[in-house]
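This is what each chain is made of:
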Amino acid sequence: MNDFYKDIYELVKLIPNGRVTSYGAIAIALGKPKGARLVGYAMNLCDKTLPAHRVVNRNGWLTGKMHFAHPDEMAERLRAEGIVVVNDQIQDFKTHFWDPSAELGSM
DNA sequence: CTGATGACGTGTG
DNA sequence: ACACACGCCATCA
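Here the structure is a predicted model, which is why all the values come from computation and not from measurement.

## A short note on the nonpolar core
Consideration 1: If you look at the biggest cluster of nonpolar residues, it comprises 31 residues, and the most contacted ones within it are Ile 8, Val 12, Ile 26, Met 43, Leu 62, Leu 78 and Ile 90.
Consideration 2: For this core, the secondary structure elements donating two or more residues are helix H1 (3-13), helix H2 (23-29), helix H3 (36-45), strand S2 (55-56) and helix H4 (71-80).
Consideration 3: Per element, the largest residue contribution to this core is six residues, and it comes from H1.

Shown next as structure tokens:
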């Protein structure tokens with residue numbers, strides 16, 4: 001486990017409830033603007049303890065829902081947090097978007 | 001070690 | 001604006 005993945009986990013863990021972010025945003029926050037794929041890969045290795053359901057692609061689509069124990073769980077979890085998910089897509093993604101780099105800057 | 005793939009993103013046509 | 005192609009970095013075969 002490299003610090004890179006650990007950092008990803010830490011960042012995803014501190015995503016506020018009812019907020020979502022993108023792989024690219026996390027990658028950028030970690031200093032790897034092109035590491036979006038690595039973030040997704042890290043999610044694949046991640047435990048269900050990690051709120052990976054709050055992490056979606058740039059389009060706001062639940063691209064990784066199929067990788068969950070129960071694909072619908074991702075949308076259900078987001079919906080439970082107040083996120084509107086339709087057709088595997090987050091509505092008002094920009095409104096619910098959470099910028100990790102901004103939070104890291106505040107911290 | 002080389003080739004291919006992936007929960008992505010950006011650039012060009 | 002939409003469609004196609006390439007790049008990135010790490011892991012798997």
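## Focus: the side chain of Glu 81
Consideration 1: Take Glu 81: it is sitting in the loop between H4 and strand S3 (85-86).
Consideration 2: Among the polar contacts listed, one links the side chain of Glu 81 to the side chain of Arg 54, at a separation of 2.9 Å.
Consideration 3: Sequence-distant contacts of Glu 81, that is, excluding residues within four places in its chain, are made with Asn 17, Gly 18, His 53 and Arg 54.

So, how was this worked out
- Residues numbered from 1 in each chain as written.
- Chains lettered and ligands numbered in written order.
- Predicted model: local features only at pLDDT ≥ 70, side-chain atom pairs only at ≥ 80, totals over all residues.
- Heavy atoms only, no water.
- Core = buried A, V, L, I, M, F, W, Y, C linked by side-chain atoms within 4.5 Å.
- Buried < 20%, exposed > 50% of the residue type's maximum accessible area, 1.4 Å probe, protein only.
- Helix = DSSP H or I, 4+ residues; strand = E, 2+ residues; numbered from the N terminus.
- Polar contact = N/O pair within 3.5 Å; in protein donor to acceptor, adjacent residues only side chain to side chain.
- Contact = heavy atoms within 4.5 Å.

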